[in-house]
Amino acid sequence: MPVGFATILKFGIFIIAVVVAILVFIRGKKTELKAISLVGVTFLLIGLNALTAVSVDFDPTIFSSSKTLYNLLALSSVFFYGLFVHYAFYVGRKSPIKVFLLILAICLIVMLIFSISAIVITGSFAPQNQDLSASHINHTFSVLIMVGSNCLISGWRFNASLDSYYEIKDNINVEDWIKLKYKLIMLSSVFLICLAALQIIDYSMIKLLMVMALVFLAFVLETLIWLPPNRLKKWANRNYDVTDESADMSEEEILAQMEED
Amino acid sequence: MNTSKFFGQILSEKIGKKELACAGIVRLAIKDGGKNPETINANDLQKIFKTTLKTRLENVGINNANEVAKYMLSQLTKNHALFVMSA
């Protein structure tokens, strides 16, 4: 089968996602922040998902088993994405993570049952040999779960970022780069919600172009958020006053000021 | 993020002392704990607020230093995302 543009694109996503995942994971280990490491895991799963899609391009007869693996990896990335939101924004605070994870676990089990039963009933991995109605129900159910879970977690991330942003937006002691980062996370969440919502639309060239554009934009944004170039940080912080006058004060001066009424 | 300035402002609002002095006392408390104020992470800052900051506040005669330290810990939890964002 000839290698098409879409296959090259998916393979490119796989390579970039794995490289970004490793770099983000190293950053997570250095900073001892679970949330950052979880972003790395999510990138890795997205990369593996792209690789699964490549395998279908080369051998369509493994469509059903690959589709199951694809959905499992996609749901797993949503799972780790949810854990990231929890560890980034809700440490030590009330969080709906347990409810989200329970819903995801139920979806995962039901999806597995549907996928396995479709293969067992027809006795074949190949889509042309499978019972069409069972295959259709399986597909519809998978799409609904993927759209629902992605919108739920991305919406949650958007909301958590927005709340945190409002806490610090007027605080002059918080770097402008950090304020920009919150906005980028919100924008990326919107892209991911749109990307998930596109799954319910039937295949067309316009849909394909929109999906590719959204994947590209979300990918670039996420990379900029978690592996920002120094030039971007400097540009964002161009009006931020980095001087800390307290660093120039002696201990005696600090204590004297603290004891003043 | 400048941790001393950020939490100094919060401390200043809580105890009614000058912001600069509060940033300084946070900076001193971090150094007392053997950490660098420029690179301290959330876990280490939590330990600092429980120990050296509380002691520093008691030494300068702040009433209810224990309560103030607990308030600082709650603010650290509330602003945990900032440490993730600044990593």
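Residues numbered from 1 in each chain as written. Chains lettered and ligands numbered in written order. Predicted model: local features only at pLDDT ≥ 70, side-chain atom pairs only at ≥ 80, totals over all residues.

Some thoughts on the overall build of chain B
Within chain B, the secondary structure is distributed over 6 helices and 0 strands. When its helices and strands are written in sequence order, chain B yields α-α-α-α-α-α. Here chain B has a C-alpha radius of gyration of 12 Å; the compact-globule value for 87 residues is 12 Å, and the two agree. Dimensions along the principal axes, computed over C-alpha positions, put chain B at roughly 35 × 25 × 20 Å. For chain B, with 87 residues in total, the buried portion stands at 48%. Across chain B, every contact between residues at least 6 apart in sequence was considered, and the portion connecting residues at least 24 apart equals 39%. (Helix = DSSP H or I, 4+ residues; strand = E, 2+ residues; numbered from the N terminus. Rg over C-alpha atoms; globule rule 2.2 N^0.38 Å. Buried ≥ 20, exposed ≤ 12 C-beta atoms within 10 Å, placed from the backbone. Contact = placed C-beta atoms within 7 Å.)

Overview of the overall build of chain A
Looking only at helices and strands, chain A has 9 helices and 0 strands in total. From first element to last, N terminus to C terminus, chain A shows the α and β order α-α-α-α-α-α-α-α-α. Expressed as a percentage of the 261 residues in chain A, the buried residues total 34%. The contacts of chain A with a sequence gap of at least 6 include a subset with a gap of at least 24, amounting to 69%.

Topic: the interface of chain B and chain A
Contacts between chain B and chain A engage 29 residues on the former and 30 residues on the latter. Looking at the side of chain B that touches chain A, the elements with two or more residues in it are α1 (3-15), α2 (19-32) and α6 (80-85) of chain B. Looking at which element gives the most residues to the side of chain B that touches chain A, the answer is α2 of chain B, with 7 residues. Among the residues forming the side of chain B that touches chain A, the class breakdown is 14 nonpolar, 11 polar and 4 charged. (Nonpolar A, V, L, I, M, F, W, Y, C, P; charged D, E, K, R; others polar.)

So, the packing of helix α6 (residues 176-197) of chain A against helix α7 (residues 205-226) of chain A
All names here are of chain A. Packing of α6 against α7 leaves a shortest axis separation of 9 Å and a crossing angle of 155°. Here α7 runs roughly antiparallel to α6, going by the angle between their axes. The crossing of α6 and α7 is left-handed. On α7, the residues that touch K181, L184, I185, L187, S188, F191, L192, C194 and L195 of α6 are V211, L214, V215, L217, A218, L221, E222, L224 and I225. Here the residues of the contact of α6 with α7 sort into 15 nonpolar, 1 polar and 2 charged. (Axes fitted to C-alpha atoms, helices over the stretch in contact; angles between N-to-C directions. Parallel < 35°, antiparallel > 145°, perpendicular 65-115°, else oblique. Left-handed = near helix turned anticlockwise from the far one by under 90°.)

Brief notes about the confidence of the model for chain B
This prediction gives chain B a mean pLDDT of 91; 100% of its residues lie at or above 70. Taken together, the chains of this predicted complex give a pTM of 0.84 and an interface ipTM of 0.85. (pLDDT = per-residue confidence, 0-100.)

With respect to the nonpolar core
Judged by nonpolar contacts, the single largest core of 81 residues is most densely connected at A35 and F84 of chain A together with V26 of chain B. Here this core gets 13 residues from one element, more than from any other, and that element is helix α3 (residues 63-89) of chain A. Not counting residues within four places of it along the chain, the set of residues in contact with F84 of chain A comprises A35, L38, V39 and T42 of chain A. (Core = buried A, V, L, I, M, F, W, Y, C linked by C-beta atoms within 7 Å.)

Thoughts on the packing of helix α1 (residues 5-31) of chain A against helix α2 (residues 34-58) of chain A
Residue and element names in this part refer to chain A. Packing of α1 against α2 leaves a shortest axis separation of 7 Å and a crossing angle of 165°. Between α1 and α2, the angle falls in the class roughly antiparallel. In this structure, the crossing between α1 and α2 has a hand that is left-handed. The residue inventory of the contact of α1 with α2, partitioned by class, reads 18 nonpolar, 6 polar and 4 charged.

What to know about the environment of S188 of chain A
Residue and element names in this part refer to chain A. By the secondary structure assignment, S188 is in helix α6. Judged by the 22 C-beta atoms lying within 10 Å of it, S188 falls in the buried class. Remark: the alpha-carbon pair of S188 and L227, spanning 39 residues in sequence, is separated by 15 Å.

Here's the deal with α1 of chain A
Residues and elements named next belong to chain A. Taking 1.5 Å per residue as the helical rise, α1 with its 27 residues ought to reach 39 Å, and the 39 Å between its terminal C-alpha atoms agrees with that figure. Listed as buried for α1 are K10, I13, A17, V20, A21, V24 and G28. In this structure, the buried side of α1 is in contact with α2 and α7. E32, located one to two residues past α1, shows a positive phi value of around 60°. (Expected span 1.5 Å × (residues − 1).)

What about α2 of chain A?
In an α-helix, one full turn covers 3.6 residues, which means residues spaced three or four apart are oriented alike. With 25 residues, α2 of chain A ought to run about 36 Å at 1.5 Å a step, and its terminal C-alpha atoms sit 37 Å apart, in line with that. With 18 of 25 residues buried, α2 of chain A lies mostly within the body of the structure.

With respect to unusual backbone geometry
Located in the positive-phi region is E32 of chain A, a residue other than glycine, with phi close to 60°. Note that E32 of chain A resides in the loop between α1 and α2. With phi around 55°, N64 of chain B is a residue other than glycine that occupies positive phi space. On the neighbour-count criterion, N64 of chain B (12 C-beta atoms within 10 Å) is exposed.

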